[in-house]
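# Observations on the model geometry
Listed below are the residues making up each chain.
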Amino acid sequence: MPEAIIETTGLTKSFKGFRAVNDISLQVLPGTIHAMIGPNGAGKTTCFNLLTKFLRPTSGRILFKGRDITALKPDQIARQGLVRSFQISAVFGQLSVLDNVMLALQRQRGESFDFWGSLRRLDTQKARAEELLHDVGLGAELDTPAAQLPYGRKRALELATTLALDPEVMLLDEPLAGMGTEDVSRTADLIRRVAKGRTVLMVEHNLGVVAELCDRITVLARGEVLVEGDYATVSKDPRVIESYIGGAAHE
Ligand SMILES: Nc1ncnc2c1ncn2[C@@H]1O[C@H](COP(=O)(O)OP(=O)(O)OP(=O)(O)O)[C@@H](O)[C@H]1O
């Protein structure tokens with residue numbers, strides 16, 4: 001089995017004595033699309049926030065490519081290639097679609113927006129931004145103010161700004177939440193395409209899409225790992241069925 005790109009050992013988060021995440025050992029393998037699913041209150045969001053460093057664990061360790069990142073901050077892990085998308089809107093509404101991605105590319109270089117930089121460099125960045133936007137299906141919307149994009153297309157723009165950071169691992173928090181059927185299948189296709197050559201870890205409630213998209217699934221319940229495996233395996237497991245029926249099932 002290849003070495004995990006993300007690995008947690010004994011990951012635990014207590015809120016005033018209540019263990020929202022309890023002793024989770026998770027392994028995300030490189031090059032896979034991996035989902036965390038589970039009924040309401042299972043601890044998915046808490047676990048995701050621990051992995052993306054938005055929360056500090058009560059105990060346990062998080063390793064990224066074998067290195068301990070438990071104590072690092074979100075911007076520090078982002079610089080190492082572990083980038084979170086889809087929760088905080090990374091989109092500036094008043095800026096054009098193209099400028100949003102240009103800005104993300106500038107950030108990747110660790111610069112402030114450099115209006116006076118060499119024209120040649122800006123040209124290169126513009127070409128790269130256009131390419132990323134083309135990849136996410138926004139090639140015809142370069143000059144549109146981001147605020148004017150419909151919801152699903154804004155998420156595609158967020159994905160383009162995330163890709164501008166060239167992440168090795170993309171962490172997606174409910175990438176399909178709030179979308180209509182058409183946007184769901186379009187965004188799922190998009191995730192599959194941009195996941196090539198990367199690792200993706202997502203929390204997602206849409207089990208149909210998880211079944212289609214994900215190589216590996218970790219089912220959480222009451223803060224613990226219930227079952228792990230591919231969709232065929234986990235969906236047949238009586239404990240998983242029971243946890244969805246016994247808990248407040250989604251959808
Ligand atoms: N900041 C907090 N303070 C206290 N309790 C919390 C806090 N955050 C989460 N919890 C509790 O931890 C448990 C797990 O919550 P979490 O949001 O991680 O679950 P989830 O699987 O993401 O659920 P959902 O599908 O409803 O989003 C819940 O019982 C929740 O009430």
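It should be emphasised that the depicted structure is a prediction, and the values quoted were computed from it without experimental measurement.

## Points about the overall build of the protein
Secondary structure summary: the protein contains 9 helices and 11 strands in total. Relative to its full complement of 251 residues, the protein shows a buried share of 40%.

## Observations regarding the site of the ligand
Surveying the vicinity of the ligand reveals the residues Phe15, Ala20, Gly38, Asn40, Gly41, Ala42, Gly43, Lys44, Thr45 and Thr46. Ranked by residues supplied to the shell around the ligand, first place goes to helix H1 (residues 44-51) with 3 residues.

## Regarding the packing of helix H5 (residues 151-163) against helix H6 (residues 181-194)
Where H5 contacts H6, the axes come no closer than 10 Å and their chain directions differ by 10 degrees. By the angle between their axes, H5 is roughly parallel relative to H6. Contacts between H5 and H6 involve Gly152, Arg155, Ala156, Leu159 and Leu163 from the former and Asp183, Arg186, Thr187, Leu190 and Val194 from the latter. Here the contact of H5 with H6 is built from residues that sort into 5 nonpolar, 2 polar and 3 charged.

## Here's the deal with H1
For H1, the buried fraction is high: 7 of the 8 residues fall into the buried class. All of the buried residues along H1 are Lys44, Thr46, Cys47, Phe48, Asn49, Leu50 and Leu51. Lysine 53, located one to two residues past H1, shows a positive phi value of around 70 degrees.

## Some remarks on H5
With 13 residues, H5 extends 19 Å from end C-alpha to end C-alpha; this agrees with the ideal 18 Å at 1.5 Å per step. Of all 13 residues that make up H5, 11 are buried, and the element is covered over most of its length. Burial in H5 covers these residues: Arg153, Lys154, Arg155, Ala156, Leu157, Glu158, Leu159, Ala160, Thr161, Thr162 and Leu163.

## Focus: the nonpolar core
Grouped together as the largest cluster of nonpolar side chains are 67 residues, with contacts concentrated most on Val101, Leu133, Ala160 and Leu171. In terms of residue count, helix H3 (residues 97-108) provides more of this core than any other element does, 6 residues in total. Two domains each provide a minimum of three residues to this core, namely domain 1 (1-81 + 168-251) and domain 2 (90-166). The residues contacting valine 101, other than those within four sequence positions of it, are Ala129, Leu132, Leu133, Ala160, Thr161 and Ala164.

## Considerations on the pairing of strand S4 (residues 33-37)
Of all 5 residues making up S4, 5 are buried, and the element is well covered by its neighbours. The two faces of S4 match: Ile33, Ala35 and Ile37 on one face and His34 and Met36 on the other face are all buried. Note that S4 and strand S10 (residues 216-221) share 4 bridges and pair parallel. The residue of S10 that forms the bridge with alanine 35 is isoleucine 217.

## Some words on unusual backbone geometry
At aspartate 23, a residue that is not glycine, the phi angle is positive and equals roughly 60 degrees. The class for aspartate 23 is partly exposed, based on 15 C-beta atoms found within 10 Å. Positive phi is not limited to glycine here, since lysine 53 has a value of about 70 degrees. On the secondary structure map, lysine 53 appears in the loop between H1 and strand S5 (59-64).

## Concerning the domain arrangement of the protein
Per the domain assignment, the segments making up the protein are domain 1 (1-81 + 168-251) and domain 2 (90-166). Here the C-alpha centre of domain 2 lies 27 Å away from the C-alpha centre of domain 1. Each side of the interface is counted separately: domain 1 has 10 residues, and domain 2 has 11 residues. Examining the composition of the side of domain 1 that touches domain 2, we find that 5 residues originate from one element, H6, more than from any other. Residue classes in the side of domain 1 that touches domain 2 are distributed as 6 nonpolar, 2 polar and 2 charged.

About the cut-offs
- Residues numbered from 1 in each chain as written.
- Predicted model: local features only at pLDDT ≥ 70, side-chain atom pairs only at ≥ 80, totals over all residues.
- Helix = DSSP H or I, 4+ residues; strand = E, 2+ residues; numbered from the N terminus.
- Buried ≥ 20, exposed ≤ 12 C-beta atoms within 10 Å, placed from the backbone.
- Near = placed C-beta within 6 Å.
- Axes fitted to C-alpha atoms, helices over the stretch in contact; angles between N-to-C directions.
- Parallel < 35°, antiparallel > 145°, perpendicular 65-115°, else oblique.
- Contact = placed C-beta atoms within 7 Å.
- Nonpolar A, V, L, I, M, F, W, Y, C, P; charged D, E, K, R; others polar.
- Expected span 1.5 Å × (residues − 1).
- Core = buried A, V, L, I, M, F, W, Y, C linked by C-beta atoms within 7 Å.
- Domains from an automatic or database assignment.
- Pairing = 2+ DSSP bridges.

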